[in-house]
Amino acid sequence: WEFNGSFHQPSAFLMVGIPGLEALHHWISIPFCALYLTALSGNCVILFIIKKTQSLHEPMYYLLSMLAVTDLGLVLCTLPTTLGIFWFNIRRIGFDACLTQMYFIHILSFIESSVLLAMAFDRFIAISYPLRYPSILSKTTVTKIGLAIILRGTVSLLPIPFLLKRLTYCGKTELSHSFCFHPDIMNLACTDIKVNVFYGMIVLLSTVGMDFIFIVLSYILIIKTVISLATKEECLKALNTCVSHICAVLVFFVPMIGLSMIHRFGKNVAPLVNTLVAYTYLIIPPALNPIIYSIKSSHIREALFRALQRK
């Protein structure tokens, strides 16, 4: 602990693996390793295929590349501490290191949310205005969208670590997860956290909350356009291009909303449920997204098969 008058700040926090199953951590690490390897290899393959295949140099696949890079970042943020607990029982993480990990986890989560919104916009333009699609979503426009997404996440979350450093912590230093999460750290403080709660809610609602609303609105407009199409075959073909994106949206937003609700309102929720939802939120989407897009996108499948044949 570091003392400065009435200001108390821990030198480190203690992370936990899966509550009640500590004796089985070595066995539990096997499926986690499989998920991490799937996420790392799958997203790297997606990036490699898009880079090497000239026909995939289109806005839709540029946005998919952004999603893959974001998923790789999320995996690399949580992998060291999660496997460190499961393999070596390394529970201690320094205070500043914890704030740094938390900052990048939240930034990457917000970026993923924004990329999914951009992909919904891409599908809307492709289906509703197919002739104007190349001019609306040019390479320059996609680059500007990517930079805006990064700037939005970085700036909106910049005050969070400083708001946590101003708090006084006393007594309990055990976190609820094998990674650092803003509400988790905030709830360990023994001083007034109203500013943290208010700012956290404002940022969450104005970023991820708004992204989700606009994604839903995009699909309402897409469905409206699809209904107006002449034949059933055209309707199904148009909707089929959205299936992989809808799956990615559900895989990301459902556990994220669940985890946010648990941290803010689920005081009596079992620790095991809290932990499992957190792992689902941070590990499952990066592992599933490459599989979803590889299965549903014929262009990526064909490019992958060609690359394997050349090897």
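Residues numbered from 1 in each chain as written. Predicted model: local features only at pLDDT ≥ 70, side-chain atom pairs only at ≥ 80, totals over all residues. Heavy atoms only, no water.

Identification of the protein chain as Olfactory receptor from Penelope pileata is taken from an unreviewed UniProt entry. As recorded by UniProt, the Sequence similarities (unreviewed entry) comment attached to the protein chain reads in full: "Belongs to the G-protein coupled receptor 1 family." (UniProt positions renumbered as here; feature names shortened; annotations may be inferred.)

Caption draft 1: The side chain of Ser244, seen in detail. Its place among the elements puts Ser244 in helix H10 (residues 243-265). The contacts of Ser244, once residues within four sequence positions are left out, are Ile292, Tyr293 and Lys296. (Helix = DSSP H or I, 4+ residues; strand = E, 2+ residues; numbered from the N terminus. Contact = heavy atoms within 4.5 Å.)

Caption draft 2: Expanded view of the packing of helix H2 (residues 59-88) against helix H5 (residues 139-157). Interhelical geometry of H2 versus H5 gives an angle of 25 degrees and a closest axis separation of 10 Å. Relative to H5, the element H2 lies roughly parallel. In this structure, H2 crosses over H5, and the sense of that crossing is right-handed. Facing Pro59, Tyr62, Leu63 and Met66 of H2, the residues of H5 in contact are Lys139, Val142 and Gly146. (Axes fitted to C-alpha atoms, helices over the stretch in contact; angles between N-to-C directions. Parallel < 35°, antiparallel > 145°, perpendicular 65-115°, else oblique. Left-handed = near helix turned anticlockwise from the far one by under 90°.)

Caption draft 3: Examining the environment of Ser176 more closely. Relative to the elements of secondary structure, Ser176 occurs in the loop between helix H6 (159-165) and helix H7 (182-186). Separated by 50 residues in sequence, Ser176 and Ala126 have C-alpha atoms that sit 43 Å apart.

Caption draft 4: Region of the structure containing the state of the cysteines. With the rule as written, the count across this model stands at 2 disulfides. Between the sulfur atoms of Cys98 and its disulfide partner Cys180 the distance amounts to 1.9 Å. On the S-S bond that ties Cys98 to Cys180, the torsion sits near -120 degrees, and the link is left-handed. Of this pair, Cys98 sits in helix H3 (residues 95-128) while Cys180 is found in the loop between H6 and H7, placing the two residues 82 residues apart along the sequence. The burial state of Cys98 is the same as that of Cys180; both residues are buried. (Disulfide = S-S within 2.5 Å. Buried < 20%, exposed > 50% of the residue type's maximum accessible area, 1.4 Å probe, protein only.)

Caption draft 5: Spatial organisation of H5. The first and last C-alpha atoms of H5 sit 28 Å apart over 19 residues, in line with the 27 Å expected at 1.5 Å per residue. Within the sequence span of H5, burial applies to Val142, Gly146, Ile149, Gly153, Ser156 and Leu157. The buried residues of H5 occupy an angular sector of 125 degrees when projected down its axis, which confines them to one face. With respect to the buried face of H5, the exposed residues turned more than 90 degrees away are Lys144, Leu147, Leu151 and Val155. Next to the buried residues of H5 lie H2, H3, H6 and helix H8 (194-227). (Expected span 1.5 Å × (residues − 1). Arc of directions from axis to C-beta.)

Caption draft 6: Structural context of the UniProt feature "transmembrane region" (unreviewed entry) in the protein chain. Here, UniProt's "transmembrane region" (unreviewed entry) annotation points to residues 27-50, 62-90, 102-121, 142-164, 197-222, 243-263 and 269-288. Split by type, residues 62-90 is 93% helix and 0% strand. Its first and last C-alpha atoms lie 38 Å apart. Secondary structure across residues 197-222 comprises 100% helix and 0% strand; the distance between its end C-alpha atoms is 36 Å.

Caption draft 7: Quick look at the nonpolar core. With 89 residues, the main nonpolar core has Phe13, Leu64, Leu116, Leu164, Tyr169 and Ile185 as its most contacted residues. Those residues within four positions of Leu116 in sequence are excluded, and the remaining contacts are Leu67, Ile215, His245, Ala248, Val249, Phe252 and Phe253. (Core = buried A, V, L, I, M, F, W, Y, C linked by side-chain atoms within 4.5 Å.)

Caption draft 8: Broad picture of a nonpolar patch on the surface. Together, Met210, Phe212, Ile213, Phe214, Val216, Leu217, Ile220, Ile257, Met261 and Phe265 give the surface a local cluster of nonpolar side chains, amounting to about 880 Å² of exposed area. Every element with two or more residues in the nonpolar patch is listed here: H8 and H10. Considering every element that reaches the nonpolar patch, the biggest residue donor is H8, with 7 residues. With respect to the helices, strands and loops of the structure, Leu217 is situated in helix H8. (Patch = residues over 30% accessible without salt bridge, like charges linked within 9 Å, V, L, I, M, F, W, Y side chains within 5 Å. Areas by Shrake-Rupley, 256 points an atom, 1.4 Å probe, with all protein chains shown as cover. Salt bridge = Lys/Arg side-chain N within 4 Å of Asp/Glu carboxyl O.)

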